[in-house]
Amino acid sequence: MTDGIASFSFDSPGSIFVDWGGARRIGETLSGWFSERTLLIVTDRFLHESGALDDALASLAANGFSVTVFDQVVADPPESVLMACVGQGKAAGADLVLGFGGGSSMDIAKLAAVLLVGAQELSDLYGIGKISGGRVPLVQVPTTAGTGSEMTNITILTTGETTKMGIVGHQLYADRVLLDAELTLGLPALQTAATGIDAMVHAIEAFTSRHRKNPLSDVFTREALRLMAPNLVTACTEPDNRAAREAMLLGAALAGQAFANSPVGAVHALAYPLGGHFHLPHGLTNALMLGPVLRYNMHAAAPLYAELADVVLGASEEGLQARAAAFVQFMEDLMDRSGAPRRLRDCKVTEDSLPMLARDAMLQTRLLVNNPVEVTEADALALYREAF
Ligand SMILES: NC(=O)c1ccc[n+]([C@@H]2O[C@H](COP(=O)([O-])OP(=O)(O)OC[C@H]3O[C@@H](n4cnc5c(N)ncnc54)[C@H](O)[C@@H]3O)[C@@H](O)[C@H]2O)c1
Ligand SMILES: [Fe+2]
């Protein structure tokens, strides 16, 4: 008799709509999905001013929506941005929220949808399952591929000067997600590389998570990597390649679905202090730490890395250790070819800051517990040194 399947649960947004050019028709689409008509769009100034929203705004107006655009989201948004967004939404009487942008805009949209109707203080929401009550209807439209935030129940806020904290709750899953890869055509090569590697890290860390790893997340991981591994470099070098952009956007969403249910580990735990102290983009910080952490985890995670080698390289008769090493090498080569910076020293990180980064990484207990190998402060310092 076998042990059977360990209990697990698996949650997701209400529905996903994959539709090239769908943002141009969003008014018609939303009017079929919802009866609410006072819409708060949450985005950043660049996307607003670049005209990326123009067709969507025209479509919304034509379909009877009253729209207020909050465009003050910044990368790694602080609490003040969220509160300004909620204030604007309340003043407009918003009864529907649409996140339009990268992870930063979508994260703010999620919590704004909660705080528009909720009475809780923001400070009481940090952690897992602290949100009580509901929210207004929520739609997410990602423009990077990506954080997968459109598929997750997590918001990350910058608290204080340098720390990032998470809020996790089922209310943060969107009702509807629109994946329109046309929106990602304008993403510059470096951002395509960094956000794409972030998405691949989500898939890999979900697959090796010590807690809540489950068969459905594994399915999503495999398909996410199958889509992204051959397309990341193409999306960077041929920005208008529709097939590559579509594969990356869907792959990033599937990776988000995987890690929403099987959480990420040490790559993210070590990446967050780099973002906090040096204001480096989230995807880049993950790319910088991935190689060292993969090698560090190897002795425990080799069987899982070998399985992923089959996905990205095809099946082979090689032994398990050789396959696991081939997977790590594949990811290193991919990052080299993507054009993303590869060492901390190339990103203005100073050597004397490494002990401080290691101390800060220890605060990410929510993530560190998921890593297949325990990470002490001394280990974290060694990993930063290796990445330096
Ligand atoms: N909630 C989650 O599950 C989750 C997961 C991972 C990361 N995050 C968070 O997401 C944030 C990072 O998100 P991100 O990496 O998507 O970046 P971002 O949202 O911070 O955007 C980065 C930049 O890219 C620009 N941009 C976005 N789409 C573009 C496009 N199509 N064309 C041209 N420029 C475009 C934006 O204007 C912005 O200047 C961080 O705050 C991170 O903590 C959240
Ligand atoms: Fe991430």
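Residues numbered from 1 in each chain as written. Chains lettered and ligands numbered in written order. Predicted model: local features only at pLDDT ≥ 70, side-chain atom pairs only at ≥ 80, totals over all residues. Heavy atoms only, no water.

Asks: Please clarify how helix α3 (residues 54–62) should be interpreted in this entry.
Replies: For α3, the set of buried residues is A56, S59 and L60. The buried side chains of α3 occupy one side of the element, clustering within an arc of 100° when seen end-on. Summarising the geometry of α3, the exposed residues directed more than 90 degrees from the buried face are A61 and A62. Remark: G64 follows α3 within two positions and exhibits a positive phi of approximately 85°. (Buried < 20%, exposed > 50% of the residue type's maximum accessible area, 1.4 Å probe, protein only. Helix = DSSP H or I, 4+ residues; strand = E, 2+ residues; numbered from the N terminus. Arc of directions from axis to C-beta.)

Asks: Help me understand the environment of D11, please; the structure alone is not making it clear to me.
Replies: Turning to its location among the elements, D11 is positioned in the segment before β1 (15–18). Among the residues examined, D11 registers a relative accessible area of 38% and is labelled partly exposed. D11 sits 140 residues away from M151 along the chain, and the two C-alpha atoms are 9.5 Å apart. The residues touching D11, leaving out its near neighbours within four places in the chain, are Y173, Q257 and N261. (Contact = heavy atoms within 4.5 Å.)

Asks: Can you walk me through the pairing of strand β2 (residues 38–44) in this structure?
Replies: Of all seven residues making up β2, six are buried, and the element is well covered by its neighbours. Where β2 lies against strand β4 (residues 96–101), four bridges are found, and the strand directions are parallel. The residue bridging V42 from the neighbouring strand is G99, located in β4. (Pairing = 2+ DSSP bridges.)

Asks: What should I look at first to understand the nonpolar core in this one?
Replies: Residues L344 and Y384 are the most contacted members of the largest nonpolar core, which totals 112 residues. At 15 residues, helix α11 (residues 282–313) tops the list of elements feeding residues into this core. Taken together, domain 1 (15–184) and domain 2 (189–387) each give at least three residues to this core, which thus spans both. Excluding residues that lie within four positions of it along the chain, L344 makes contacts with L274, L288, M289, V349, L354, Y384, A387 and F388. With 16 residues, the next largest nonpolar core counts L30, L53, L98 and V139 among its residues. (Core = buried A, V, L, I, M, F, W, Y, C linked by side-chain atoms within 4.5 Å. Domains from an automatic or database assignment.)

Asks: Whenever I open this one, the UniProt feature "domain: Alcohol dehydrogenase iron-type/glycerol dehydrogenase GldA" (unreviewed entry) in the protein chain confuses me. Can you help?
Replies: Cross-referencing UniProt, the feature "domain: Alcohol dehydrogenase iron-type/glycerol dehydrogenase GldA" (unreviewed entry) maps to residues 13–180 in the present numbering. Helix makes up 30% of residues 13–180 and strand 29%. Its end C-alpha atoms lie 16 Å apart. (UniProt positions renumbered as here; feature names shortened; annotations may be inferred.)

Asks: Sorry, what's going on with the environment of I5 here?
Replies: As for its placement among the helices and strands, I5 is situated in the segment before β1. For I5 and P215, which are 210 residues apart along the polypeptide, the C-alpha to C-alpha distance reads 8.9 Å.

Asks: What is the right way to look at the packing of α11 against helix α12 (residues 320–338) in this model?
Replies: Any two packed helices are characterised by the angle at which their axes cross and by the distance between the axes. Running from amino to carboxyl end, α11 crosses α12 at an angle of 120°, the nearest separation of the two axes being 6 Å. One way to sum up the angle between α11 and α12 is to call them oblique. As for the relative orientation of α11 and α12, their crossing is right-handed in sense. Among the residues forming the contact of α11 with α12, the class breakdown is 21 nonpolar, two polar and four charged. (Axes fitted to C-alpha atoms, helices over the stretch in contact; angles between N-to-C directions. Parallel < 35°, antiparallel > 145°, perpendicular 65-115°, else oblique. Left-handed = near helix turned anticlockwise from the far one by under 90°. Nonpolar A, V, L, I, M, F, W, Y, C, P; charged D, E, K, R; others polar.)

Asks: What should I look at first to understand unusual backbone geometry in this one?
Replies: The general pattern is negative phi for most residues beyond glycine and trans for most peptide bonds. The phi angle at D76 is positive, at roughly 50°, despite the residue not being glycine. With respect to the element layout, D76 can be found in the loop between β3 (66–73) and α4 (79–92). A relative accessible area of 18% places D76 in the buried class. Even without glycine at this site, H279 takes up a positive phi of about 50°. Note on H279: relative accessible area 61%, which makes it exposed.

Asks: Looking at this structure, I do not really get the site of ligand 1. What am I missing?
Replies: Taken together, 28 residues form the shell around ligand 1, and within it S104, D107, T143, I154 and Q191 come nearest. For ligand 1, an oxygen atom lies 2.6 Å from a polar atom in the side chain of S104. Within the side chain of T144, a nitrogen or oxygen atom sits 2.8 Å from an oxygen atom of ligand 1. Listing elements by their share of the shell around ligand 1, those giving two or more residues are α2 (45–50), α5 (103–115), β7 (154–159) and α6 (189–207). Take the shell around ligand 1: its biggest share by element is four residues, from α5. Of the residues assigned to the shell around ligand 1, the class counts are ten nonpolar, 13 polar and five charged. Built from parts of two domains, the shell around ligand 1 gets at least three residues from each of domain 1 (15–184) and domain 2 (189–387). (Near = heavy atom within 4 Å. Polar contact = N/O pair within 3.5 Å; in protein donor to acceptor, adjacent residues only side chain to side chain.)

Asks: What exactly am I supposed to notice about the domain arrangement of the protein chain here?
Replies: Accessible area lost upon the coming together of the parts is a frequently used measure of interface size. What the domain assignment reports for the protein chain is domain 1 (15–184) and domain 2 (189–387). The distance between the C-alpha centroids of domain 1 and domain 2 comes to 26 Å. Viewed at the interface, domain 2 and domain 1 are joined by five residue pairs in polar contact (both at pLDDT 80 or more). Among the secondary structure elements, those contributing two or more residues to the side of domain 1 that touches domain 2 are β7 and β8 (163–168). Ranked by the residues each element gives to the side of domain 1 that touches domain 2, the list is headed by β8, at three residues. Among the residues forming the side of domain 1 that touches domain 2, the class breakdown is eleven nonpolar, nine polar and five charged.

Asks: I would appreciate a short explanation of the pattern of salt bridges in the present structure.
Replies: Opposite charge on two side chains permits pairing when their charged atoms draw close. Within the structure shown, the criterion is met by 15 salt bridges. We note a salt bridge from E332 to R295, for which the minimum N-O separation is 2.3 Å. With E332 in helix α12 and R295 in helix α11, this residue pair connects regions lying 37 residues apart in the sequence. Here E332 falls in the buried class, since its relative accessible area comes to 13%. Residue class for R295 comes out partly exposed when judged on its relative accessible area of 40%. One network of salt bridges, with partners in common, ties together R295, E332, D336, R342 and E386. (Salt bridge = Lys/Arg side-chain N within 4 Å of Asp/Glu carboxyl O.)

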